[in-house]
Amino acid sequence: MRKTNLHLFLAIATLAAGGAGTFADEPPAPPNIVLIFADDLGYGDVGCYGAKGYHTPHLDRLAKEGVRFTDFYVAQAVCSASRAALLTGCYSNRVSILGALGPKARHGINDRETTLAELLKTRGYATAIYGKWHLGHHPRFLPTRHGFDEYFGLPYSNDMWPKHPETKEFPDLPLIEGEKTIALNPDQSQLSTRYAEHAVSFIERHQDQPFFVYLAHSMPHVPLFVSDKFRGKTPRGTFGDVIEEIDWSVGRVLETLERLGLDERTLVIFTSDNGPWLSYGDHAGSAGALREGKGTSFEGGVREPCLMRWPGKIAAGAVCHEPVMTIDLLPTLAKLAGADLPEDRTIDGLDIWPLMAGQPGATSPHEALFFYWGGELQAIRSGRWKLHFPHAYRTLSNGGGHGGMPAKYEQRRIELSLFDLDADPGERQDIAAEHPDVVARLKSLAERARDDLGDTAAGRKGKNVRPAGQLGAVEEK
Ligand code: MG
């Protein structure tokens, strides 16, 4: 529908000329899946998205050998809400997981939801998560109860511990293996390496069956920690060191797949849960040319780098500009695995395999994507257009903090504003007055979302919202 297709056409033409694969409409044999999910890594934090001051050769290799999405979104620009959407294929508001769950939370992912891991298990996949979970830390909410055979990692954010720079309210931070706490306040400088080595071991152990590894890095969420291998290595400072270690972990995965001869049977996906936490200044990432960051519905909060590589099935060097979202991964991966989607409930995500495979003329399957902050519908994107409804947002007028200490955000307000993201991805020029027809169309699409998912700003409750899981509640699958 837009400039996308030229890039995809060129990529396809290149691949076809080399005879490296075909792009039939029929899905290929079920792939192994490695989903690498960074935390608070922004749109401008990967080399092939313009990062400066450090290098990401392995991530850049994913782009060179696969497809790079330029308009890939998360459902909300905050950890738990974003992860709920990723793993259920639904808007965070649909499954009632909002914000970032802390150690006092008594809710988590509902037993009745079907996670991506549970769907893949129906097709014989071995499943594992190494890293941050953040969908509830009580046993009934842990990954092992929601489709994952193995778990090693933190149940919530790595700053929710007694050394938080601003609050002393947090208890000791547990490191969990399976369902057992194996350490309190673990040495965070070892987390990225330990997660990666677990992933490598899992791939080695399950090389003869389909597997799904969810490598959910705790970094570069603050507090930043890096192992000796990377400490002090980049001009960008600790943040750059941390990103180079994440990049190294991607390299560990790729070299393992290559060594085991699994390259052409494995789909590797890399993205992040939300944009940079800008108040942390030199310890935060960058949204590049996009506006604002984590905790906002501007592009800097919700648009993320996304790379996908599957040699022979995804064209090398492809670029996709179509707007899609993490919610699309569950239905797409379920289709690739041959798993049936639940039919008794709404799944918001749609199949984006035609975009991944570079099928000619493929466009985003979404008429619109909705951006909520908490229960408030703040913005909607349809095609090139993004309409913000009047809402408050946080911003920094004097820059961010230093050395792991955050600066204070200020509250501002945006009124009804329309942006043309093709011409103005930085959301600078409000052109609502020039396009009343577009504004009217997007407003009417938003009404559908309010009816379906609610909108606290309009005092609306959604008709089709499902509850989160609650401690003590009895739920049936
Ligand atoms: Mg995050």
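Residues numbered from 1 in each chain as written. Predicted model: local features only at pLDDT ≥ 70, side-chain atom pairs only at ≥ 80, totals over all residues. Heavy atoms only, no water.

**A few points about the overall build of the protein**
In plain terms, the rule: Only DSSP runs of H or I with at least four residues qualify as helices, and only runs of E with at least two residues qualify as strands; both kinds are numbered from the N terminus onward. For a compact globule the rule gives 2.2 Å times the number of residues to the power 0.38, and the radius of gyration it is set against comes from C-alpha atoms. Only protein chains enter the area calculation, which uses a 1.4 Å probe; residues under 20% of their type maximum are buried, those over 50% are exposed, and those in between are partly exposed. By definition in these notes, contact holds between two residues if any of their heavy atoms fall within 4.5 Å.
A count of helices and strands for the protein gives 11 helices and 21 strands. Taking 477 residues into account, the globule formula puts the C-alpha radius of gyration at 23 Å, and the protein, at 21 Å, falls close to it. Projected onto its principal axes, the C-alpha positions of the protein cover 60 × 60 × 55 Å. Put simply, the protein has 477 residues, and 61% of those count as buried. For the protein, contacts bridging at least 24 residues in sequence account for 70% of all contacts bridging at least 6.

**A few points about the coordination of the magnesium ion**
For clarity, the cut-off: Atoms of type N, O and S within 2.8 Å of a metal are treated as its donors, and for Na, K and Ca the window is 3.2 Å; water is not considered, so some sites may appear to be missing partners. Only two sets of limits are used to name each site, 85 to 135 degrees for every angle of a tetrahedral four-donor site, and over 155 degrees for opposite donors with all other angles from 65 to 115 for a square planar four-donor or octahedral six-donor site, with any other site named irregular.
At 2.0 to 2.7 Å from the magnesium ion lie its protein donor atoms, namely Asp39 (OD), Asp40 (OD), Cys79 (SG), Asp273 (OD), Asp273 (OD) and Asn274 (OD1). In this structure, the magnesium ion is coordinated by 6 donor atoms arranged in irregular fashion, with angles at the metal of 53 to 157°. On the primary sequence, the residues serving as donors to the magnesium ion are separated as D-D-x38-C-x193-D-N. With Asp39 in the loop between β1 (32–38) and α2 (57–65) and Asn274 in the loop between β9 (266–272) and α8 (299–302), the pair connects residues that are 235 residues apart, well separated along the chain. For the pair shown, Asp39 and Asn274 are each scored as buried.

**Quick notes on unusual backbone geometry**
A cis geometry characterises the amide bond from Met219 onward to Pro220, with omega recorded as 0°. As for its placement among the helices and strands, Pro220 is situated in the loop between β8 (211–216) and α7 (238–259). Note the cis peptide between Val222 and Pro223, where omega equals 0°. Its location among the elements puts Pro223 in the loop between β8 and α7. The phi torsion at Asp40 lies on the positive side, around 65°, for a residue other than glycine. Looking at the secondary structure, you find Asp40 in the loop between β1 and α2.

**Quick look at the packing of α2 against α7**
For the record, the criterion: Only the contacting stretch of a helix is used when fitting its axis, a line to C-alpha atoms as for every element, and angles between N-to-C directions run 0 to 180 degrees. Here roughly perpendicular refers to angles of 65 to 115 degrees, roughly parallel to angles under 35, roughly antiparallel to angles over 145, and oblique to all remaining angles.
Packing of α2 against α7 leaves a shortest axis separation of 7 Å and a crossing angle of 55°. With respect to α7, the element α2 is oriented oblique. Along its contact with α2, which presents Pro57, His58, Leu59, Arg61 and Leu62, the element α7 presents Asp247, Trp248, Val250, Gly251, Leu254 and Glu258.

**Describing the domain arrangement of the protein**
Operational definition: In this document the domain limits rely on a domain assignment from an automatic tool or a database. Here's the idea: put two parts together, see how much 1.4 Å probe accessible area each one loses, and the total over both is what we call buried area. Salt bridge, as applied in this entry: a Lys or Arg side-chain nitrogen positioned within 4 Å of an Asp or Glu carboxyl oxygen. Just so you know the grouping, Ala, Val, Leu, Ile, Met, Phe, Trp, Tyr, Cys and Pro go in nonpolar, Asp, Glu, Lys and Arg go in charged, and all remaining residues, Gly too, go in polar.
Per the domain assignment, the segments making up the protein are domain 1 (8–20 + 29–357) and domain 2 (369–469). A C-alpha centroid distance of 24 Å is found between domain 1 and domain 2. With 48 residues of domain 1 at the contact, the number on the domain 2 side is 42 residues. The junction of domain 1 with domain 2 conceals about 3,800 Å² of combined surface from both sides, 51% of it contributed by carbon and sulfur atoms. Three residues, Arg94, Arg291 and Ser297, lead the burial of domain 1 against domain 2; their summed loss comes to 18% of the area buried on that side. Between the two partners, domain 1 and domain 2, sit 5 salt bridges. With a closest N to O distance of 2.7 Å, Arg381 and Asp71 form a salt bridge. Of all the secondary-structure elements, those providing two or more residues to the side of domain 1 that touches domain 2 are β2 (67–73), α4 (92–95), β3 (107–108), α8 and β12 (324–325). In terms of residues, the side of domain 1 that touches domain 2 owes the most to one element, α4, which gives 3 residues. Per-class residue counts for the side of domain 1 that touches domain 2 are 23 nonpolar, 13 polar and 12 charged.

**Regarding the environment of Tyr49**
What counts, and what does not: Any pair of N or O atoms that falls within 3.5 Å is considered a polar contact. Within protein, one atom must be able to donate a hydrogen and the other to accept it, and sequence-neighbouring residues count only if both atoms are side-chain atoms.
Inspection of the secondary structure puts Tyr49 in the loop between β1 and α2. Using a relative accessible area of 11% as the deciding quantity, one classes Tyr49 as buried. Beyond its immediate sequence surroundings of up to four residues, Tyr49 is in contact with Tyr43, Gly44, Arg68, Phe69, Pro305, Cys306 and Leu307. Of the polar contacts made by the side chain of Tyr49, one reaches the backbone oxygen of Phe69; its length is 2.6 Å.

**As for the sheet that holds strand β15 (residues 385–388)**
Just so we agree on the cut-off: In this scheme, strands are said to pair when DSSP sees at least two bridges between them.
Reading across the sheet, the 4 strands line up as β13-β14-β15-β18 and stay open at both edges, with antiparallel pairing between neighbours. In this open sheet, the two edge strands, each paired with only one partner strand, are β13 (369–373) and β18 (417–420). On average, each strand axis in the sheet is inclined to that of its neighbour by 20°, with strand direction left out of account. Taken together, the 4 bridges between strand β14 (residues 376–382) and β15 define a ladder with antiparallel strand orientation. Along β15, the bridge assignment pairs Arg381 with Lys386.

**Describing the side chain of Asn32**
Here Asn32 lies in strand β1. Those residues within four positions of Asn32 in sequence are excluded, and the remaining contacts are Tyr125, Gln209, Pro210, Phe211, Leu262, Arg265, Thr266 and Leu267.

**A closer look at α2**
Stated precisely, the cut-off is as follows: In this description, the arc belongs to the directions extending from the helix axis to the C-beta atoms.
Where α2 is concerned, the buried positions are Leu59, Leu62 and Ala63. Down the axis of α2, the sector holding all buried residues measures 95°, keeping them to one side. Considering only its buried residues, α2 is in contact with β2, α7, β9 and β10 (303–309).

**Brief notes about the nonpolar core**
Put simply, the rule is: For the purposes of this section, nonpolar cores are sets of buried Ala, Val, Leu, Ile, Met, Phe, Trp, Tyr and Cys residues that join through side-chain atoms within 4.5 Å.
Of all hydrophobic cores here, the largest spans 56 residues; its most connected members are Val34, Leu62, Tyr130, Ile203, Phe211, Val213 and Phe270. Of all the secondary-structure elements, those providing two or more residues to this core are β1, α2, β4 (126–131), α6 (191–205), β8, α7 and β9. Ranked by the residues each element gives to this core, the list is headed by α7, at 9 residues. Apart from the residues within four sequence positions on either side, Val213 is in contact with Ile33, Val34, Leu35, Ala128, Tyr130, Ala199, Phe202 and Ile203. Judged by nonpolar contacts, the second largest core, of 53 residues, contains Trp133, Leu329, Leu333 and Ala334.

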